[in-house]
Amino acid sequence: MAKSKPGGDAKNEQLAKHTTDNEDQFLTTNHGTRVNDDQNSLKAGERGPSLLEDFIMREKITHFDHERIPERIVHARGSAAHGVFKVYDNSLAPYTKASFLTDPQAETPVFVRFSTVAGSRGSTDLARDVRGFAVKFYTQEGNFDLVGNNMPVFFIQDAMKFPDLVHAVKPEPHHEMPQAASAHDTFWDFISLMPESAHMIMWLMSDRAIPRSYRMMEGFGVHTFRLIDADGKSTFVKFHWKPLLGVHSVAWDEAQKISGKDPDFHRRDLWESIENGQFPEYELGVQLVPEEDEHKYPFDLLDPTKLIPEEMVPVQRIGRLTLNRNPDNFFAETEQVAFHVGHIVPGIDFTNDPLLQGRLFSYTDTQLIRLGGPNFHEIPINRPLQEVQNNQRDGAMRQQINKGRTSYNPNSLGGGCPFQARWDEGGFRSHTERIEAHKVRGRSKSFFDHFSQATLFYNSQSPAEKTHLENALAFELGKVETVEVRERMVGILTQIDRGLATKVADALGLPVPDAPEQPINHSVPADGDPQEYQPIDVKLDLSASAPLSMENTVKDTIKSRKVAILTADGVLTANVEAMLAALEAEGAKGEVIATRQGFVEGDDGKELAVQHSYLTAASVLFDAVYLPGGTAALVQNGDAVHFLNEAFRHCKPIAADASASDVLDGTYFGAGEHPGVFIGDDPAALAKAFKAGIRQHRFWEREIPGPIPA
Ligand code: HDD
């Protein structure tokens with residue numbers, strides 16, 4: 001095994017050792033016998049029955065029959081990439097012993113898997129859902145897994161409720177519908193009885209649940225963890241990932257259409273951006289809270305349904321993650337990678353968050369069944385940089401060939417090896433925490449504020465984001481068939497914001513209760529005292545928190561954006577070329593669309609290469625549209641006109657040459673003035689304005705009901 005060497009090389013070498021180079025190699029059976037016919041099975045005569053003796057065919061088919069392993073019970077659909085993490089100069093040295101967070105020279109290899117939660121492996125990427133953001137750091141001191149999501153809070157406070165949550169959101173058991181969707185009765189039945197999920201529901205109904213790209217979403221460790229310095233002193237920490245491209249989403253109508261046009265939209269986007277050398281980048285952020293401030297906040301740091309508003313504790317950006325290499329083999333790496341919140345290294349430790357505590361059990365347990373036994377740590381993608389040395393032995397599919405007589409500790413026959421490591425030798429030592437308590441099944445009273453942060457989130461949204469959130473609730477609850485469930489949810493919404501409850505109730509044709517209804521609390525045990533589980537009413541000093549709105553995200557780049565260029569024979573070649581160059585100069589990519597594939601003939605007789613026909617392209621797969629002049633024929637092309645109408649409806653930037661106004665007149669929005677629609681004669685000025693528009697991502701102010709659906 002490769003010795004621990006800084007940077008990605010050690011991991012690459014290690015993986016390369018396990019990758020077969022197929023060039024100049026003969027086809028063999030799994031046991032090394034060269035095969036001379038891979039086309040025909042062995043038969044008794046050319047037209048006769050196949051023979052059992054055919055060990056080559058039987059081996060091939062047997063292996064095929066066993067190709068599938070159980071998919072992940074949650075986060076089954078995912079895609080991943082390799083990369084590196086580097087801490088900045090102002091590292092976390094005063095707070096943690098972990099060298100990957102303190103040594104700016106260290107380049108730590110990482111493997112990151114993004115995922116949806118509810119759908120099965122073949123489901124669509126654009127489902128309304130939480131996204132997993134799991135990072136495996138192959139550090140010098142062992143593997144550290146930060147198994148987070150793109151939302152900073154969770155549905156439930158205690159891991160005891162996780163199977164219930166997942167059963168509720170998964171397809172309903174009698175008919176296995178709907179796939180990858182929370183818009184159904186069992187999910188909302190559960191949520192309407194679980195007031196603690198109110199905050200998470202605000203995130204899930206917001207546009208954060210339909211990201212434009214894995215490269216344009218935040219990540220969060222969710223729980224409060226601990227950093228531990230060399231002296232053993234602990235500081236509470238929340239981990240964040242901040243994408244350098246900003247946080248952006250698509251429209252809900254668009255998400256649904258992408259699910260049909262390209263269910264692999266996020267997977268493809270991640271893959272292509274890495275292949276094109278436009279490496280996704282995120283900064284690692286931390287919010288640090290000294291131990292002595294544990295009880296200073298109007299929420300409990302151990303409660304995973306709460307975030308720490310950045311106005312209270314700023315996020316310090318301490319390092320950068322760059323994803324720079326696609327996996328070589330999806331199954332071997334992306335599918336077999338095993339994350340676990342319990343994979344930590346000296347310098348990091350857990351808190352008593354009851355959700356985290358339950359997770360510490362669940363992840364190994366799930367790998368045992370999913371990856372078929374206790375040796376999943378030997379699969380190349382899961383191996384640490386260091387040589388593994390312990391007295392664990394045997395088990396299914398053991399790879400390591402342990403030598404010697406001793407597999408126990410203490411021993412003298414093996415010279416006492418392997419030795420325990422002291423803290424100053426890099427040994428992990430659990431943080432010493434004083435606990436004086438009764439053993440109870442219960443929850444701290446400090447966990448019983450369920451609404452203050454749900455309200456904070458809603459109040460922090462821009463007007464467009466609020467509308468999207470209200471529409472999402474109206475959509476999801478509109479799909480719920482049981483009226484009592486819808487009513488209970490309206491009751492919950494009254495606790496968050498009366499205006500929100502009213503809008504959703506109107507859409508559902510339901511009355512809004514006069515006074516907010518106290519939701520039913522189901523966290524009371526059968527023999528418990530309901531008084532002990534009464535909600536607490538917390539008023540936050542903060543009425544809104546700017547980082548919670550995507551409106552306030554970074555909008556300074558068009559890097560990696562995809563722009564559709566609608567053409568027809570006779571198109572003004574020079575203008576198309578000027579726009580392509582202007583986009584490329586800032587890292588965006590224009591793609592030519594025409595009625596047929598191959599080439600389109602320009603006004604000057606020059607041929608332009610065509611990337612898509614109107615049949616294979618769709619506006620929802622692009623960030624922006626350019627309509628050059630010389631395309632008057634498109635006014636008769638329903639697909640092209642629809643392309644423009646739909647892009648307008650989804651609030652995307654649109655540029656058009658002034659000479660293309662005939663085609664614009666054929667759209668429902670026309671050639672008039674609209675935010676985000678740029679029309680001009682001068683190619684350079686037009687490209688400049690267009691690029692400024694693409695930086696804005698969307699012009700949501702255009703989102704008024706129009707005569708075409710969206
Ligand atoms: Fe989990 C997978 C994130 C709560 C049990 N979880 C999984 C993955 C992510 C998360 C990103 C996919 C990892 C990958 O790409 O392979 N999970 C979270 C977050 C949670 C959370 C951010 C709350 C803060 N999870 C949670 C609880 C439990 C689990 C409370 C169980 C008590 N999670 C699992 C699991 C999975 C999993 C069943 C399925 C596949 C796997 O672990 O490897 O064990």
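Starting afresh in each chain, residues are numbered from 1 along the sequence in its written order. The predicted nature of this model means local features are confined to residues of pLDDT at least 70 and side-chain atom pairs, given and counted, to a pLDDT of 80 or more, with totals for whole chains, interfaces and linings taken over all residues. With hydrogens and water stripped out, all remaining heavy atoms of the structure feed into the side-chain values.

## Some thoughts on the overall build of the protein chain
To keep it simple, the criterion reads: Runs of E in the DSSP output that reach at least two residues are strands. Runs of H or I that reach at least four are helices, and both are numbered from the N terminus. Only C-alpha atoms enter the radius of gyration, while the globule expectation follows 2.2 Å times N to the 0.38, with N the number of residues. Per-residue accessibility, obtained with a 1.4 Å probe over protein chains only, is compared with the maximum for each type, and a residue is labelled buried under 20%, exposed over 50%, and partly exposed between these values. We call two residues in contact when some of their heavy atoms are within 4.5 Å. Every accessible area reported is derived by Shrake-Rupley at a probe size of 1.4 Å, with residue values counting cover from the shown protein chains alone.
From N to C terminus, the protein chain includes 17 helices and 18 strands. Over its C-alpha atoms the protein chain spans a radius of gyration of 28 Å, differing by no more than 12% from the 27 Å that the globule rule assigns to 710 residues. The principal-axis extent of the C-alpha atoms belonging to the protein chain is close to 90 × 80 × 60 Å. Taken across its 710 residues, the protein chain has 53% of its residues classed as buried. Across the protein chain, every contact between residues at least 6 apart in sequence was considered, and the portion connecting residues at least 24 apart equals 74%. Accessible area for the protein chain stands at about 32500 Å²; split by element, carbon and sulfur atoms hold 51% of it.

## Points about the coordination of the iron atom of the ligand
Think of it this way: four donors in a tetrahedron around the metal ideally sit 109.5 degrees apart, and six in an octahedron ideally sit 90 or 180 degrees apart. Put simply, the rule reads: With water omitted from the atoms examined, metal sites may look incomplete; donors here are N, O and S atoms no farther than 2.8 Å from the metal, or 3.2 Å in the case of Na, K and Ca.
Protein coordination of the iron atom of the ligand is limited to a single donor, Tyr363 (OH), positioned at 1.9 Å. By the secondary structure assignment, Tyr363 is in helix α9 (residues 354-370).

## Concerning the sheet that holds strand β18 (residues 677-680)
For clarity, the threshold we go by: Whether two strands pair depends on DSSP finding at least two bridges between them.
With respect to topology, six strands assemble into an open sheet ordered β15-β12-β11-β16-β17-β18, the strand pairing being parallel. Two strands bound the open sheet, and with one partner strand each, they are β15 (612-613) and β18. Pairing of strand β11 (residues 562-566) with strand β12 (residues 589-594), which is carried by five bridges, proceeds in the parallel orientation. Paired with Lys562 across the bridge in β12 is Lys589.

## Considering the site of the ligand
Put simply, the rule is: Here a residue counts as near a molecule or strand whenever at least one of its heavy atoms sits within 4 Å of it. By the criterion applied in these results, polar contacts are pairs of N or O atoms within 3.5 Å in which, for protein atoms, one can donate a hydrogen and the other can accept it, and in which residues neighboring in sequence qualify only through two side-chain atoms.
Inspection of the region around the ligand gives 23 residues, with Arg72, Arg113, Arg359, Tyr363 and Gln367 positioned closest. Arg72 places a polar side-chain atom, nitrogen or oxygen, 2.8 Å from an oxygen atom of the ligand. Between Tyr363 and the ligand, the recorded distance is 2.8 Å, taken from a side-chain N or O atom to a nitrogen atom. For the shell around the ligand, the elements supplying multiple residues, two or more each, are β3 (131-139), β4 (142-149) and α9.

## Focus on the nonpolar core
Put simply, the test is: What makes a nonpolar core is a set of buried Ala, Val, Leu, Ile, Met, Phe, Trp, Tyr and Cys residues whose side-chain atoms join them at distances within 4.5 Å.
Counting residues in hydrophobic clusters, the biggest one holds 56 residues, and the most contacted among them are Phe155, Trp188, Ile201, Met202 and Leu473. Those elements that place two or more of their residues in this core are α3 (162-169), α4 (185-192), α5 (198-205), α10 (452-460), α11 (463-478), α12 (483-496) and α13 (498-508). With seven residues, the single largest contributor to this core is α5. With near-sequence residues (within four places) excluded, Leu473 lies in contact with Trp188, Ile201, Met202, Met205, Gly478, Leu493, Leu500 and Val504.

## Structural notes on the environment of Glu484
In this structure, Glu484 sits in helix α12. With 62 residues separating them along the chain, Glu484 and Ala546 place their C-alpha atoms 35 Å apart.

## Overview of the confidence of the model for the protein chain
Interpreting fine coordinate detail is not advised for predicted regions of low pLDDT. Put simply, the test is: pLDDT is defined as a per-residue confidence score from the predictor, taking values between 0 and 100.
Averaged over every residue, the pLDDT of the protein chain is 94; the share at 70 or more is 97%. Considering only residues more than four positions removed or in separate chains, one finds that residues 1-8, a stretch of pLDDT under 50, has 25 contacts. Here residues 14-20 is a poorly scored stretch, pLDDT under 50, and it has 15 contacts once near neighbours within four places are set aside; other chains count.

## Concerning the packing of aromatic side chains
Aromatic rings in a pair are described by how distant their centres are and how their planes are angled relative to each other. Going by this rule: Each Phe, Tyr or Trp ring, with Trp reduced to its six-membered ring, pairs with another whose centre is within 6.5 Å; inter-plane angles below 30 degrees give stacked pairs, above 60 give edge-to-face pairs, and intermediate values give tilted ones.
Counted under the stated rule, the structure contains 28 aromatic pairs. Relative to Phe187, the ring of Phe155 lies with its centre 6.2 Å away and its plane at 90°, an arrangement referred to as edge-to-face. Pair noted here: Phe155 is in the loop between β4 and α3 and Phe187 is in helix α4, with a separation of 32 residues, a long-range link. Residues Phe155 and Phe187 agree in their burial class; the two are buried. Connected via pairs of aromatic rings, a cluster forms that spans Phe85, Phe100, Phe114, Phe133, Phe137, Phe144, Tyr214, Phe225, Phe239, Trp241 and Tyr282.

## A closer look at unusual backbone geometry
Most peptide bonds adopt trans geometry, and most residues besides glycine take a negative phi value. The step from Met177 to Pro178 runs through a cis peptide bond, and the omega angle for that step is -10°. Structurally, Pro178 can be placed in the loop between α3 and α4. The linkage connecting Asn409 with the following residue, Pro410, adopts the cis geometry, with an omega of 0°. Mapped onto the secondary structure, Pro410 falls in the loop between α9 and α10. Of note, Glu176 is a non-glycine position whose phi angle comes to about 50°, a positive value. Along the chain, the position of Glu176 falls in the loop between α3 and α4. Exposure remark for Glu176: the relative accessible area of 59% places this residue in the exposed category.

## Quick notes on the pattern of salt bridges
Basically, it comes down to this: In the sections that follow, a salt bridge refers to a side-chain nitrogen of Lys or Arg positioned within 4 Å of a carboxyl oxygen of Asp or Glu.
Enumeration over the complete set of coordinates arrives at 41 salt bridges. A salt bridge links Arg77 to Asp125; its shortest N-O distance comes to 2.8 Å. Residue Arg77 is located in the loop between α2 (55-65) and β1 (78-87), and its partner Asp125 is located in the loop between β2 (107-116) and β3; the two are separated by 48 residues in the primary sequence. Connected via shared salt-bridge partners are Arg77, Asp125, Asp262, Asp264 and Arg268.

## Topic: a negative patch on the surface
Spelled out, the test is: Note that patches include only residues with greater than 30% relative accessible area and no salt bridge, and the join distances are 9 Å for like charges and 5 Å for nonpolar side chains (Val, Leu, Ile, Met, Phe, Trp, Tyr). Under the counting rule used here, the positive set is Lys and Arg, the negative set is Asp and Glu, and His together with the chain ends is not counted. Lysine's charge is taken at NZ, arginine's at CZ, aspartate's at CG and glutamate's at CD.
Where like charges cluster on the molecular surface, the negative patch consists of Glu601, Asp603, Asp604 and Glu607. Looking at the secondary structure, you find Glu601 in strand β13 (residues 598-601). Judged by relative accessible area, which is 43%, Glu601 ranks as partly exposed.

## Brief notes about empty space enclosed by the protein
Basically, it comes down to this: Buried and open spaces are told apart on a 1 Å grid over the protein atoms alone, a cavity being a set of points where a 1.4 Å probe fits but cannot get out and a pocket being an open set with protein on both sides within 12 Å along at least five of seven lines. Residues with an atom within 4 Å of a point are the lining residues. Grid points are joined across faces, edges and corners, and a volume is the space filled by probe spheres set on the points. As a working rule, the residues Ala, Val, Leu, Ile, Met, Phe, Trp, Tyr, Cys and Pro are called nonpolar, Asp, Glu, Lys and Arg charged, and the rest polar, with Gly in that last group.
Tallying each qualifying case throughout the model produces eight cavities of 30 Å³ or more. Approximately 150 Å³ is the volume found for the largest cavity. Pro152, Phe220, His240, Leu307 and Glu310 are, among the 18 residues lining the largest cavity, the residues nearest its centre. Ranked by residue count, the leading element in the lining of the largest cavity is strand β7 (residues 234-243), at four residues. For the lining of the largest cavity, the per-class residue count stands at ten nonpolar, four polar and four charged.

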